[in-house]
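A closer look at the structure
Here's the letter readout for the chains.
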Amino acid sequence: MKKKVFVSFAEAVADIPDGATIMFGGFGHAVDKPQNLILALRDQGAKNLTMILNGAGGAGRLGIGALGGKPFTDEEILQENRQVKKAICSVPSSLVMSKPNAFEKQYRAGEVELEYVPQGTLVERIRAGGAGLGAFFTPTGVGTLIEKGKEKRVIDGREMLLEYGLRADYALIRAYCADTMGNLIYRGIMRSFNAVMATAAKVTIVEVDKIVRAGELDPEAVVTPGIFIDRIVEIPGERKQ
Amino acid sequence: MKERLDRETIALRVAKEFEDGWVVNLGAGIPGLASNFVPEGKTVIFHAENGVLGFGGVPSTPEEENPYYLGANGLPFSALPGMCFFHHADSFAMIRGKHIDVTVLGALQVSEQGDLANWTFPERGIGNIGGAMDLASGCGKVIIAMEHVSPKGQLKILKKCSYPLTASRCVSLIVTDIAVIEVMPDGLVLKETAPGWTVEEIQALTEPKLIVSPNLREIEL
């Protein structure tokens, strides 16, 4: 059987090519972001990336979503390093209007593309992609700029928009603990986009606080079944939260 | 200058709308403050879109804060008996699937028909939709908690929203620093006024013609 445990973040992201489509897990908080995989991807340098993620980054620099307002790493470092061509997301700009993030600066300058997706539609498109579904109809976005160019249909007396499933080449996600088979458990609010994106990429890479032997996780408690996971990296002690 | 209700008092008035057993999602800003004012004797279950139901208030000391217990507003929450966690697809299934009884949101503009604009304005050139479109179109009831006019004095309750919409015909109640207004099929009904404010003064800060409720009264706190 293929070995899933990788020894370093660099090794885990080494084969990501220029032009890849990548899902980045998390809602946007310090504990649900794959911070070490993001750093490794920045150092690896792949360019012209399409990112599928909730927020395009910048909250980490402001410490929004971390205890005590402590800054943390998020996808903004990939924009600063000019690795991003396009973002598909629900929160592209800074949460503090007076402190714009790298993505919105590049968007205003016409250097990156943006596809706005309402948060619930975004996660459902990812779920659909991972579940082998082509598309679905949702009432979210009807009567707004989101409906532009989309097929509309009345279902159960309500107008709905056709939204397509999303898949990616890679998903970089975060969990609390993995066993060597890739089964994952989470803590608190860590599941967010992580547990959904795990299902929707050709290669899903997870960073975890610890890795245990198969058999050590309670099968009743597993949230993400191991078949969704391809690569696992444990965060070294000195870099744990 | 007449006195306006402060942010906490707006939130307190909003919380009076909560019914026992309701599942409630609070947006950032004034709406979030409503968690402090759940009426005595009522229990509501708070939902945060990043995957938690049934959480409690902000811990009183930093030692009690847990890095895995952070709400969608970025603030730490405490555990309550019966709290549970789930992923984002389940979280928005709850929202679109009408399992959330009420969401309280802020607004940049609200129209006479109950249209809501709260995610951006044209001059910004970009904006954050986040979960607002799903919440506004998916929850059982949408209450708006906001200041009646913008900091620059622009009217926010309008015949038609000029900013990009979050959802159309979704708002049922507007609670501001000077009035409580219900969105009805035939127009906006002024139900309550802040102490010292007359109907004429509120109408002057509201573009659509207000229908004055026969039971008009001062806001009860």
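Residues numbered from 1 in each chain as written. Chains lettered and ligands numbered in written order. Predicted model: local features only at pLDDT ≥ 70, side-chain atom pairs only at ≥ 80, totals over all residues.

Taken together, the contacts link 37 residues of chain B with 40 residues of chain A. Listed by contribution, the elements that provide at least two residues to the side of chain B that touches chain A are helix H3 (88–96) and helix H4 (132–138) of chain B. With five residues, H3(B) is the single largest residue contributor to the side of chain B that touches chain A. Its residues assigned to classes, the side of chain B that touches chain A shows 18 nonpolar, 15 polar and four charged. (Contact = placed C-beta atoms within 7 Å. Helix = DSSP H or I, 4+ residues; strand = E, 2+ residues; numbered from the N terminus. Nonpolar A, V, L, I, M, F, W, Y, C, P; charged D, E, K, R; others polar.)

Take the confidence of the model for chain B next. Low-confidence regions, as indicated by low pLDDT, have predicted coordinates that should not be scrutinised in detail. Model confidence for chain B is summarised by a mean pLDDT of 96, while 100% of its residues fall at 70 or above. Overall fold confidence (pTM) sits at 0.97, and the ipTM for the predicted complex is 0.96. (pLDDT = per-residue confidence, 0-100.)

This brings us to the sheet that holds strand S11 (residues 184–185) of chain A. All names here are of chain A. Strands sit in the order S11-S10-S13 across an open sheet of three strands; the sheet is mixed. In this open sheet, the two edge strands, each paired with only one partner strand, are S11 and strand S13 (210–212). Note that strand S10 (residues 177–179) and S11 share two bridges and pair antiparallel. Considered in S11, the bridge of Cys-177 is made with Ile-185. (Pairing = 2+ DSSP bridges.)

Residues and elements named next belong to chain B. Ordered by their spatial adjacency, three strands build an open sheet running S7-S6-S9, and the pairing between neighbours is mixed. Either end of the sheet is taken by a strand with one partner, and the two such strands are strand S7 (116–117) and strand S9 (157–158). As paired strands, strand S6 (residues 109–111) and S7 are joined by two bridges and run antiparallel to one another. Considered in S7, the bridge of Gln-109 is made with Ala-117.

Looking now at the pairing of strand S5 (residues 102–105) of chain B. Residues and elements named next belong to chain B. The side-chain alternation of S5 yields two buried faces, one formed by Val-102 and Val-104 and the other by Thr-103 and Leu-105. Here three bridges tie strand S1 (residues 23–26) to S5, and the two strands are oriented parallel to one another. Directly across from Asn-25, in S5, lies its bridge partner Thr-103. Both S5 and strand S8 (residues 142–145) contribute to a ladder of three bridges, which runs parallel. Paired with Val-104 across the bridge in S8 is Ile-143. (Buried ≥ 20, exposed ≤ 12 C-beta atoms within 10 Å, placed from the backbone.)

This brings us to helix H1 (residues 7–15) of chain B. Of all the positions in H1(B), only Ile10(B), Ala11(B), Arg13(B), Val14(B) and Ala15(B) are classed as buried. On its buried side, H1(B) packs onto helix H2 (30–33), S5, S8, strand S10 (171–175) and strand S11 (179–184) of chain B.

Examined against the element boundaries, Val14(B) turns out to sit in helix H1. Sequence separation of Val14(B) and Leu221(B) is 207 residues, and the distance between their C-alpha atoms is 9.9 Å.

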